[in-house]
Amino acid sequence: MKRFSHLLLAFILLIVTSSWSFSQPPIQKVAAPSWLRPLTKKAIKPNLDDISDGYYYELIENQINLANQTKYYRDIKVLFDQSGIENLGQVQVTFDPHFQKLQLHELKIIRDGKEINLLPQAKFNLLASETELSRSIYNGSQMAHYVLEDLRKEDKIVFAYSIIGSNPVFENKFFDSYYLQGYEPTGLIHLNYIVPNNRKLHFKSFNGAAEVQQQSMGNTTNFFWELTGDNTVQYETNSPAWYTPLKYIQCSEFNTWQEVDQWNSNINPIPQILASSKLQTFVNQLWKESNGQPYEYLKKACDFVQNEIRYMGIEMGEYSHRANIPEKVFLQRYGDCKDKSMLLATILKNKNIDVGLVLANTYKDRGLQDELPSPYAFNHMVVELNIAGRHQYIDPTMTNQGGDIKNRYFPAYGKVLSTMGKGKLMDIPQNIVGNIKVKETLTLEGKFGATLDVSTTYRGNEADNIRSYFQSSAKNDIQKQYLEYYAKTYPKINKIGSVQYKDDMENNIVEIIEKYKIKNIGKTESGSTKKYIPFLGTNINDKLPEIMEDRIAPLSLSFPTDIEYEIYIVNKGKKSFGNYRDNSYFDRNAYVFGKTLEVKPDSIKIAYTLGFHEPFVEQKDLKQYYTDFADRDNIFFNGFYLDSDGYATDGIPRLGTPTSANEINWFSLMLCLILVSAVIWYIVKKYNKSQPIILKPYDEVYHDQIGGWMIVLLILLFTHIFTKSTFFFFRESYFNLNTWHAADQIEGVSPSLYKMLLLSEIIANVLILAGLIYSTILLIKKRDIFAQTFFLVTLFMAIFCTIDGIASYFMFKKYLDKTDEPFTHYTDITRAIFFFCIWGTYVYNSERVKGTCLRTYQHADRIQRVKTAHPFDQDFLRPYPPVDQNTVTPTEQLKSQNDELDRGSAEEHGDKV
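Throughout what follows, the structure given in this document is the object of discussion. (Residues numbered from 1 in each chain as written. Predicted model: local features only at pLDDT ≥ 70, side-chain atom pairs only at ≥ 80, totals over all residues. Heavy atoms only, no water.)

1. Some thoughts on the overall build of the chain
Put simply, the rule reads: In this text, helices come from DSSP runs of H or I with a minimum length of four residues, and strands from runs of E with a minimum of two, each type numbered from the N-terminal end. Summary of the burial criterion: residues with accessible area below 20% of their type's maximum are buried, those above 50% are exposed, and those between are partly exposed, where the area comes from a 1.4 Å probe applied to protein chains only. Contacts: residue pairs with any heavy atoms within 4.5 Å of one another. Accessible surface area values rest on a Shrake-Rupley calculation with a 1.4 Å probe, where residue burial reflects the displayed protein chains alone.
Counting secondary structure elements, the chain contains 22 helices and 38 strands. In the chain, which comprises 913 residues, the proportion classed as buried is 49%. Put simply, of all contacts in the chain between residues at least 6 apart along the chain, 74% involve residues at least 24 apart. Accessible surface, the chain as shown: approximately 46400 Å² in total, 54% of it carbon and sulfur.

Here you go:
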């Protein structure tokens with residue numbers, strides 16, 4: 001029915017415009033105007049490799065005479081390929097017959113240097129154009145259309161015409177915007193404004209466009225550009241609507257934004273309602289139902305204009321910018337943004353609510369303040385109101401808005417011009433007043449069957465959007481679309497019941513519940529018989545446009561956006577998962593993103609969050625955006641393997657697979673026990689009885705007790721033993737069965753290499769742990785083999801950690817790159833190397849260690865005290881008398897000499913590191 005009414009209205013308009021066109025004289029064919037500025041430059045042939053569609057513009061000429069309101073156009077198109085004939089088989093001109101006339105000056109083909117004049121016999125047809133029909137806007141524009149015959153390759157098509165007249169709504173003020181560059185090269189561009197000397201036209205160039213040139217012509221002045229081909233600019237998708245890399249100029253007779261505001265107030269004053277009109281009766285009823293409460297009255301008035309007055313505009317002539325009278329809009333129950341805004345403002349003003357009309361731009365939410373003032377800076381009208389000192393914006397064209405009237409969503413239109421703003425551009429705050437939360441729960445029931453429960457909650461402006469979608473769409477169509485969305489992941493899926501829709505208008509919350517049954521879940525992995533279930537973060541991925549690394553243009557984002565997306569995987573009746581958590585998060589200037597993977601004994605959870613702070617990513621932040629989302633497969637794709645019963649395993653492709661409760665790998669445990677026993681046997685039976693070979697201590701003791709840095713070393717040994725034991729027996733999960741089963745589940749990793757890596761880590765960790773414990777015992781007992789043992793253990797630990805870290809990185813590189821694990825591996829390697837460099841070399845060089853730890857296995861209870869003092873240890877030996885009082889030893893001589901020196905210098909003793 002809606003479609004039929006639209007078609008009927010379009011048919012009536014077509015009849016009206018057609019009958020009007022038949023009452024007018026035919027299109028005039030006249031000579032070109034005499035006031036044209038002649039060309040002074042020749043066109044340059046562009047590089048054809050930069051041209052598409054088989055043709056290019058050799059000339060684009062546009063000359064505007066402000067005095068007689070005439071716009072002259074002339075272009076020459078060159079067909080260099082057969083495809084150009086298909087694209088240029090017709091010529092057409094669009095104009096508004098309500099205030100414009102069309103004059104044709106030239107239509108010819110240049111072939112092999114000869115001109116073929118087509119204009120005398122050309123019969124142009126007038127067609128209803130309606131360039132804005134897709135937006136439910138009928139502007140009454142017409143198109144003069146002519147089909148060219150006998151076009152050939154290398155032909156040049158020359159077409160020139162003038163459009164006379166301007167829209168009276170602009171009160172004889174001129175303004176314009178013109179691009180001096182395109183995405184494809186042009187041979188020559190000629191732009192000229194013929195301005196009477198008594199009129200002031202302001203000019204401004206953008207993006208490096210050339211400045212205007214002037215040429216006095218007596219009573220007028222030519223303001224012109226004559227430019228040969230310029231470098232091309234590449235168009236980049238997903239650029240903000242306000243952004244253009246092209247060179248362009250603007251001109252305007254408006255001096256300030258205040259003049260534009262005054263113009264808007266003149267053509268759109270908010271009127272008083274006729275006391276006897278139906279609109280006044282309706283307004284009085286609304287006020288009565290609101291009990292005289294301004295905000296309640298605002299809510300009722302806003303709901304009526306937004307939802308009861310449908311959006312459709314007939315913007316013919318001056319009504320392109322002038323609003324219809326409110327009584328007419330109220331009775332006909334339709335109108336465009338101007339009509340709806342004027343109606344709402346009139347209703348509010350009738351009850352003494354301070355209200356104004358606001359000009360906005362739905363595309364240019366940035367940079368408006370840099371442009372020249374003109375009405376063309378805006379394409380939309382909304383309402384501003386003030387109740388008890390509180391300002392608020394309302395967009396009457398939005399529909400189905402719920403919640404508190406004070407918190408209703410208003411788009412971030414950037415700069416606006418309000419009749420309440422004293423002629424100044426005002427900023428619209430960028431408020432995010434809504435969000436979407438999606439929760440999917442996949443319950444695996446065995447035998448490769450599953451149930452999928454989906455709950456989606458919309459709040460604020462997101463609730464407004466989904467509410468409009470449900471009200472304008474058939475329920476069965478919605479159900480079909482939802483089912484098809486999940487069928488891409490689960491081919492054998494069927495709905496259980498209908499989609500449940502719950503709408504809380506008062507709090508502006510919409511909840512949608514879906515339930516599905518899935519058979520034969522899982523996909524078979526390529527090259528194997530293993531099955532897995534994929535989970536795609538499509539809801540998030542679709543909001544983040546993909547870009548090239550060398551992108552230049554800023555990136556447009558679907559602002560406002562605030563999404564939480566959670567996926568749960570549950571094995572019904574089983575608790576076969578372990579414990580694991582991994583997350584990534586970054587908060588940038590324009591967006592915030594987070595992903596969490598959490599494995600618990602009863603479920604696996606994947607959670608995404610995405611929010612946009614700004615409507616676009618600035619150029620300086622594009623590199624960071626590309627880096628953040630370059631590896632989308634690993635960010636938004638998650639796969640979990642299924643076991644033979646159709647249940648999910650937590651064998652996620654990553655390093656450090658989580659443990660499963662009470663599932664022990666007895667082989668690795670027994671290997672560890674055997675290895676520990678062998679190490680203890682070797683130490684007790686062999687090594688403990690040996691003598692130092694690499695690092696030998698002094699022959700006599702210089703220190704009775706452990707002191708200096710040796711105390712710190714002893715503390716570090718205890719700490720290292722504790723942390724190493726914790727990591728080995730609990731965190732690394734070497735004795736967990738799932739850790740070993742992961743060898744068959746990690747794609748791209750050889751199971752044999754994976755198991756060899758685990759075995760080598762078990763053996764090495766047992767040796768390192770045993771070596772640290774044994775070194776601690778040797779240090780406490782001050783054994784002579786301590787220094788040698790500790791040095792070898794730390795050296796082995798540094799070498800093995802380095803080799804193991806490098807091997808692990810290359811084996812699991814594609815999984816490590818998306819987590820924090822690479823950083824952890826580098827930290828482990830660095831810690832082991834530093835530990836050896838500091839403490840291994842300390843033990844190797846320390847005089848204190850060599851003078852303290854020298855008890856042998858045979859005489860561990862006896863130790864020969866030094867008879868000759870070490871020069872660095874005199875203070876420690878001073879309390880002990882020499883062995884023979886009657887013999888003056890070299891030590892006593894040295895002591896006597898030192899006694900004559902300052903005592904302070906003799907106190908230097910201790911370690912020599």
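2. A look at unusual backbone geometry
Phe559 connects to Pro560 through a cis peptide bond whose omega is -5°. Located in the positive-phi region is Asp112, a residue other than glycine, with phi close to 55°. Relative to the helices and strands, Asp112 is located in the loop between β5 (101–111) and β6 (114–117). The class of Asp112 is exposed, set by a relative accessible area of 75%. Phi angles above zero are rare outside glycine, and Asn238 is one such case at about 60°. Turning to its location among the elements, Asn238 is positioned in the loop between β15 (220–228) and β16 (248–252). Note on Asn238: relative accessible area 37%, which makes it partly exposed.

3. Observations concerning a negative patch on the surface
How we decide: What makes a patch is a set of residues exposed beyond 30% relative accessible area and free of salt bridges, joined within 9 Å when like-charged and within 5 Å when nonpolar (Val, Leu, Ile, Met, Phe, Trp, Tyr). When a carboxyl oxygen of Asp or Glu is within 4 Å of a side-chain nitrogen of Lys or Arg, the pair counts as a salt bridge. Only four residue types enter the tally: Lys and Arg on the positive side, Asp and Glu on the negative side; His and the chain ends are excluded. The atoms used to mark charge sites are NZ of Lys, CZ of Arg, CG of Asp and CD of Glu.
Taken together, the side chains of Asp49, Asp50, Asp53 and Glu184 make up a negatively charged region of the molecular surface. The topology assignment puts Glu184 in the loop between β11 (175–179) and β12 (188–196). On the accessibility criterion, Glu184 (30% relative accessible area) is partly exposed.

4. Focus: a nonpolar patch on the surface
Together, Trp666, Met670, Leu673 and Ile674 make up an exposed nonpolar region whose accessible area comes to about 450 Å². Structurally, Ile674 can be placed in helix α13 (residues 666–685). Since its relative accessible area comes to 56%, Ile674 is described here as exposed.

5. So, the pattern of salt bridges
Under the definition given, this model contains 26 salt bridges. Close ionic contact of Lys605 with Glu566 constitutes a salt bridge, the shortest N to O distance being 4.0 Å. In this pair, Lys605 sits in strand β36 (residues 603–612) while Glu566 sits in strand β33 (residues 562–571), placing the two residues 39 residues apart along the sequence. Residue Glu566 is classed as buried on the basis of its relative accessible area of 13%.

6. Side note on the packing of helix α8 (residues 461–472) against helix α9 (residues 475–487)
Stated precisely, the cut-off is as follows: Lines fitted to C-alpha atoms define the axes, with helix axes restricted to the stretch in contact, and inter-axis angles between N-to-C directions lie between 0 and 180 degrees. For classification purposes, an angle smaller than 35 degrees is called roughly parallel, one larger than 145 roughly antiparallel, one from 65 to 115 roughly perpendicular, and anything else oblique. Throughout, the ten residues Ala, Val, Leu, Ile, Met, Phe, Trp, Tyr, Cys and Pro are labelled nonpolar, Asp, Glu, Lys and Arg are labelled charged, and all others, Gly among them, are labelled polar.
Packing of α8 against α9 leaves a shortest axis separation of 8 Å and a crossing angle of 120°. In terms of orientation, α8 and α9 fall into the oblique class. Residues Ile466, Tyr469 and Phe470 of α8 touch α9, and the partners they reach there are Ile478, Gln481 and Tyr482. A class-by-class count of the residues in the contact of α8 with α9 yields five nonpolar, one polar and no charged.

7. Comments concerning the side chain of Thr244
We apply this condition: Throughout this description, a polar contact denotes any pair of N or O atoms lying within 3.5 Å of each other; where both atoms belong to protein, one of them has to be capable of donating a hydrogen while the other can accept it, and for residues adjacent in sequence the pair is counted only when both atoms sit in side chains.
Topologically, Thr244 is positioned in the loop between β15 and β16. Within the structure, the side chain of Thr244 is placed 3.2 Å from the backbone nitrogen of Leu246, a separation counted as a polar contact. Contacts of Thr244, omitting those with residues within four sequence positions, involve Tyr179, Tyr183 and Asn207.

8. Overview of the sheet that holds strand β38 (residues 637–642)
Under the convention used in this document: DSSP calls a pair of strands paired once it identifies at least 2 bridges connecting them.
Spatially, three strands are ordered β30-β31-β38 in an open sheet, and the strand pairing comes out antiparallel. Edge positions in the open sheet fall to β30 (523–524) and β38, since each of these has one partner strand only. As paired elements, β30 and strand β31 (residues 531–536) share two bridges and run antiparallel to each other. What sits directly across from Lys523, in β31, is Tyr532.

9. With respect to the sheet that holds strand β9 (residues 142–147)
Taken together, the three strands give an open sheet; going across it, the order is β4-β9-β7, and neighbouring strands pair in antiparallel fashion. In this open sheet, the two edge strands, each paired with only one partner strand, are β4 (90–95) and β7 (125–128). The average angle at which neighbouring strand axes cross in this sheet is 30°, direction not considered. By the bridge criterion, six bridges tie β4 to β9 in an arrangement that is antiparallel. Looking across to β9, one finds that Gln92 is bridged to His145.

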